[in-house]
Amino acid sequence: QVQLVESGGGLVHAGGSLRLSCAASRTIFSINAMAWYRQAPGKQRELVAVITSTGTTDYVDSVKGRFTISRDVAQNTVYLQMNSLKPEDTGVYFCYADESRYRSWGQGTQVTVSS
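Figured I'd write up the structure that's included with this text. (Residues numbered from 1 in each chain as written. Predicted model: local features only at pLDDT ≥ 70, side-chain atom pairs only at ≥ 80, totals over all residues. Heavy atoms only, no water.)

1. Points about the side chain of Arg-66
Looking at the secondary structure, you find Arg-66 in the loop between strand E6 (57-59) and strand E7 (67-72). Residue Arg-66 is classed as buried on the basis of its relative accessible area of 10%. At 2.8 Å, the side chain of Arg-66 and the side chain of Asp-89 are in polar contact. Ignoring anything within four residues of it in the chain, the contact list for Arg-66 reads Gln-81, Met-82, Asn-83, Ser-84, Leu-85, Lys-86 and Asp-89. (Helix = DSSP H or I, 4+ residues; strand = E, 2+ residues; numbered from the N terminus. Buried < 20%, exposed > 50% of the residue type's maximum accessible area, 1.4 Å probe, protein only. Polar contact = N/O pair within 3.5 Å; in protein donor to acceptor, adjacent residues only side chain to side chain. Contact = heavy atoms within 4.5 Å.)

Given below as structure tokens:
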């Protein structure tokens, strides 16, 4: 079971960029998949991006071409690079790890995009 800590959230103007980091308590080499979710006020939690152990990535349609998920195994860290941010990207962003036996969530980091 892995502990996850997100960082990098904040307030940014529309069109700006942020990079979120998810630091894991142990190596992410053996983790099947890691992902970023977000939850906007009054809405359900939404899968934003996922990266598998083989490096395959996928994204929700609304962020394709703007967001990039990546991982640095040596640093035990997963990133979400967010460019061309829009007000509708506002929400709490959560890191998630699927270890097959275990499911782990970070505490979330707030992203606010002003118009």
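2. What to know about the sheet that holds strand E3 (residues 18-24)
The antiparallel open sheet is built from four strands, whose spatial order is E1-E3-E8-E7. Single-partner strands in this sheet number two, and they are strand E1 (4-7) and E7. Ignoring which end each strand starts from, the neighbouring axes of this sheet average 15° apart. As judged from the six bridges shared by E7 and strand E8 (residues 77-82), these two strands associate in the antiparallel manner. Residue pairing for E8: Ile-69 is matched across the bridge by Leu-80. (Pairing = 2+ DSSP bridges. Axes fitted to C-alpha atoms, helices over the stretch in contact; angles between N-to-C directions.)

3. Thoughts on the environment of Gly-91
You can see Gly-91 is positioned in strand E9 (residues 91-98). With 67 residues separating them along the chain, Gly-91 and Ala-24 place their C-alpha atoms 22 Å apart. With residues up to four places along the chain from it excluded, the contact list for Gly-91 reads Gln-39, Ala-40, Thr-109, Gln-110 and Val-111.

4. A few points about the nonpolar core
With 27 residues, the main nonpolar core has Met-34, Trp-36, Leu-80, Met-82 and Tyr-93 as its most contacted residues. Looking at this core, the elements with two or more residues in it are E3, strand E4 (33-39), strand E5 (46-52), E7, E8, E9 and strand E11 (109-114). Counting residues per element, this core draws most heavily on E3, at four residues. With near-sequence residues (within four places) excluded, Tyr-93 lies in contact with Glu-6, Leu-20, Trp-36, Tyr-37, Arg-38, Val-48, Phe-67, Leu-80, Met-82, Gly-108, Thr-109 and Val-111. (Core = buried A, V, L, I, M, F, W, Y, C linked by side-chain atoms within 4.5 Å.)

5. Overview of the pattern of salt bridges
Under the criterion given, the structure shown has six salt bridges. Among the ionic pairs, Arg-66 bridges to Asp-89, the shortest N-O distance being 2.8 Å. Here Arg-66, found in the loop between E6 and E7, pairs with Asp-89, found in the loop between E8 and E9; they are 23 residues apart in sequence, far enough to count as distant. Like Asp-89, Arg-66 is buried. Of the charged contacts, one joins Arg-103 and Asp-98 as a salt bridge, the two residues approaching to 3.4 Å between their closest N and O atoms. For Arg-103, a relative accessible area of 45% gives the class partly exposed. (Salt bridge = Lys/Arg side-chain N within 4 Å of Asp/Glu carboxyl O.)

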